Amino acid sequence: MQPLLKMQGIHKSFAGVAALTSAELEIAPGEVHAVIGQNGAGKSTLIKILTGVYRKDSGEVAFDGRPLHVQSPREAQDNGISTIYQELSLVPLRSVTENVIMGYEPRTALGLIDWTSAHARTREILAGFGINIDVTQALGSYSTAIQQLTAIARAVSLNARLVIMDEPTSSLDDREVETLFGVVRGLKARGVSVIYISHFLDELFQICDRATIMRDGQTVAVREIADTTKLGLIADMLGRDPEEIAAAGMTELGGGQRETGEVLLEATNLHTDRMLRDVSVTVHKGEIVGLGGLLGSGRTEAARAIFAMDRLRGGTVSTHLHPEGFSNPAEAIRGGVGFLTEDRKAEGIVPDMSVRENLTLALLPRLVRRGTIDRVREEEIVKKFVDALGIKLASIEQPIRELSGGNQQKVLLARWLALEPDLLILDEPTRGVDVGAKFEIQSIIQEYVEKGVGVLLISSEFEELVEGADRIVVLQDGVSVTELQNPGITEQALIGAIAQSHERATA
């Protein structure tokens, strides 16, 4: 069978740095095909070449047996290739119909928009997804899932033969994910091919036929999903032996296997205006303590209170260097505490500043000599952490916004490690990064814990908490309700503790 899409020998460089080297991708008609790899592996660059965002330096692209040369996403759409990005490019204040037909509005004989036809077509497409809504209402009044399906409806309305989905489930709950999967299966049944990009490997085994694995700008393997395993895919992505990864237990944190030392942090009966009512937690030297709970339980608020980002209305924070706690984040930093925030884009990186400037931002007071920054010392520190953490970049002067999400996260982690902290507060340290970068970040954390650093770990992934933390403090509605001790904690035990706390709260 002739492939629908065939990309061969694709090369692409930016400022002399190779992003793709002989990359390949082949998609069959009516196939759901995963493209996976670590952040920076070249996935996005390959897709942007396919959709006309970037121009390839060399190589061949054929679509439906004919050479394909597109100069813009609009040309790609006109050729039957539609992309649904992770950050939806929709207009919330416009109606569902307007979002579906935008740029391709049906017209009457007088040249006016044929709204009757447009609404009918939009209803027909959404009904095919099992969605019956008022398409004249503003898109922003509907859930994220409906908005995601509207983006797919737009692709279908353009008679797309290939739909590219970039992290389509990142903002969906389990029920909405199943709805999306049903839509993907429906597209496949109609002969539409789907390129599926996701960090959630479990999803690939539910929805995909094959997977192309990329590493360092190259296509390193193509696997039949039915004939591979999650461990096999991870090994391909990392370029490591499966047995080595299996021995590491998929997470390098290894909770419950450490000797701990003095108390680094003791937070007692914390109460703030931001949700906290009665939270207590301690962290020892060389220990990882997890904060468990559902969204809205107070995990991030507890971290903010400890770091003095939010004012305490009650309770105390005491560290080994500051028994009276902190009055502001600058004092917390001077007191040996680092805080990797949950929102990398809004509270972490400064997009237009360089990697060097982002990495040393918190360290600057220590680098100033007689009113000027010691650039030699600064560059030494930056290069040290770039090498130690395996940060992939063209130059330390490269704007951080140009780095992949996983590499941005490593820069932010390096920002705090450069301070040589005693206590690290890590709020969702592996959110939004691929499994390879996650493995590497967890390895880095483990290395510093073994040196005696204490870690307060917040994660929405129960597996990460269970396998990583020595203890888990469970929060519910701003109250610490129970504590679980490793080794021996299971996901079921953690889920059970959270469920019991909810039952007690509603009793």
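What counts as what
Residues numbered from 1 in each chain as written. Predicted model: local features only at pLDDT ≥ 70, side-chain atom pairs only at ≥ 80, totals over all residues. Heavy atoms only, no water. Pairing = 2+ DSSP bridges. Helix = DSSP H or I, 4+ residues; strand = E, 2+ residues; numbered from the N terminus. Axes fitted to C-alpha atoms, helices over the stretch in contact; angles between N-to-C directions. Contact = heavy atoms within 4.5 Å. Phe/Tyr/Trp six-rings, centres within 6.5 Å; stacked < 30°, edge-to-face > 60°. Lys NZ or Arg CZ within 6 Å of the ring centre and 35° of its normal. Domains from an automatic or database assignment. Buried area = accessible area lost by both parts, 1.4 Å probe. Buried < 20%, exposed > 50% of the residue type's maximum accessible area, 1.4 Å probe, protein only. Core = buried A, V, L, I, M, F, W, Y, C linked by side-chain atoms within 4.5 Å. Parallel < 35°, antiparallel > 145°, perpendicular 65-115°, else oblique. Nonpolar A, V, L, I, M, F, W, Y, C, P; charged D, E, K, R; others polar.

Trainee: Sorry if this is basic, but what is going on with the sheet that holds strand β12 (residues 279–284) here?
Mentor: Sheet strands associate in pairs through backbone hydrogen bonding, adopting either a parallel or an antiparallel arrangement. What the three strands build is an open sheet, ordered β12-β11-β14; its pairing is antiparallel. Of all strands in the sheet, those with a lone pairing partner are β12 and β14 (312–319), marking the two edges. Each adjacent strand pair in this sheet contributes to an overall mean axis angle of 5 degrees, direction not counted. Sheet topology places strand β11 (residues 263–272) next to β12; five bridges connect them, and they run antiparallel. In the strand pairing of β12, Val-263 is matched with His-284. Packing of helix α10 (residues 299–306) onto the sheet brings it into contact with β11, β12 and β14, and relative to β11 it is tilted by some 115 degrees.

Trainee: Looking at this structure, I do not really get the pairing of strand β2 (residues 17–27). What am I missing?
Mentor: A regular strand places its side chains on the two faces of the sheet in alternate fashion. Here seven bridges tie strand β1 (residues 5–14) to β2, and the two strands are oriented antiparallel to one another. Bridging from a neighbouring strand, Ser-13 pairs with Ala-18 of β2. The hairpin turn running from β1 into β2, its antiparallel successor, is two residues long, and Ala-15 in that turn takes a positive phi close to 50 degrees.

Trainee: What should I look at first to understand the packing of aromatic side chains in this one?
Mentor: The way to describe two aromatic rings as a pair is by their centre distance and the angle between their planes. Scanning the entire structure with this criterion turns up three aromatic pairs. Ring geometry for Phe-307 and Trp-416: centres 6.1 Å apart, planes at 85 degrees, overall edge-to-face. Note that Phe-307 is positioned in the loop between α10 and β14 and Trp-416 in helix α16 (residues 405–417), a separation of 109 residues in sequence. Among the aromatic residues, ring-to-ring pairing joins Phe-307, Phe-339 and Trp-416 into one connected group. Lying across the ring of Tyr-448, Lys-451 places its NZ or CZ 4.5 Å from the centre.

Trainee: Is there a simple way to think about the sheet that holds strand β19 (residues 454–458) in this case?
Mentor: Overall, mixed pairing links the six strands, which are arranged β15-β18-β19-β13-β20-β21 in an open sheet. Where the open sheet ends on each side, the last strands, each with one partner, are β15 (337–340) and β21 (479–485). Taking each pair of neighbouring strands and ignoring which way they run, the sheet shows an average axis angle of 20 degrees. Across four bridges, strand β13 (residues 288–292) lies against β19 in parallel orientation.

Trainee: What should I look at first to understand the domain arrangement of the protein in this one?
Mentor: For an interface, size is often stated in terms of accessible area lost upon the parts coming together. As assigned here, the protein comprises domain 1 (5–248), domain 2 (250–336 + 422–507) and domain 3 (343–420). A C-alpha centroid distance of 25 Å is found between domain 2 and domain 3. Taken together, the contacts link 17 residues of domain 2 with 14 residues of domain 3. A combined buried area of about 1,200 Å² lies between domain 2 and domain 3, and 68% of that area is made up of carbon and sulfur atoms. The largest share of the area that domain 2 buries against domain 3 comes from Ile-333, Ile-444 and Tyr-448, three residues that together contribute 37% of it.

Trainee: How should I be thinking about helix α8 (residues 230–238) in this particular structure?
Mentor: Note that an α-helix has 3.6 residues per turn; residues three or four places apart therefore point the same way. The element α8 is largely enclosed, with a buried count of seven among its nine residues. The first or second residue beyond α8 is Gly-239, which carries a positive phi of 70 degrees.

Trainee: What exactly am I supposed to notice about unusual backbone geometry here?
Mentor: A negative phi angle is the norm for most residues apart from glycine, just as the trans form is the norm for most peptide bonds. In this structure, Glu-428 takes a positive phi of about 55 degrees despite not being glycine. Here Glu-428 shows up in the loop between β18 (423–427) and α17 (435–450). Look at Asp-477: it is not a glycine, yet its phi comes out positive at around 50 degrees. You can see Asp-477 is positioned in the loop between β20 (471–476) and β21.

Trainee: What's the story with the nonpolar core in this structure? I'm lost.
Mentor: Here is a general trend for soluble globular proteins: nonpolar side chains tend to be buried in one another's company. Formed by 74 residues in total, the largest nonpolar core has its most connected members in Ile-306, Phe-385, Val-455 and Leu-494. Lining this core are residues from two domains, each supplying at least three of them: domain 2 (250–336 + 422–507) and domain 3 (343–420). In contact with Val-455, not counting residues within four places along its chain, are Val-283, Glu-287, Ile-288, Val-289, Leu-423, Leu-424, Leu-426, Ile-445 and Val-449. With 49 residues, the next largest nonpolar core counts Ile-84, Ile-101, Leu-139 and Val-192 among its residues.

Trainee: Any chance you could explain the packing of α16 against α17 here in plain terms?
Mentor: Two numbers describe how α16 lies on α17: the axes approach to 10 Å, and their chain directions differ by 10 degrees. The angle between the axes of α16 and α17 places the two elements in the roughly parallel class. Contacts from Gly-406, Gln-409, Lys-410, Leu-413 and Leu-417 of α16 reach α17 at Ala-437, Glu-440, Ile-441, Ile-444 and Tyr-448. Its residues placed into classes, the contact of α16 with α17 shows six nonpolar, two polar and two charged.

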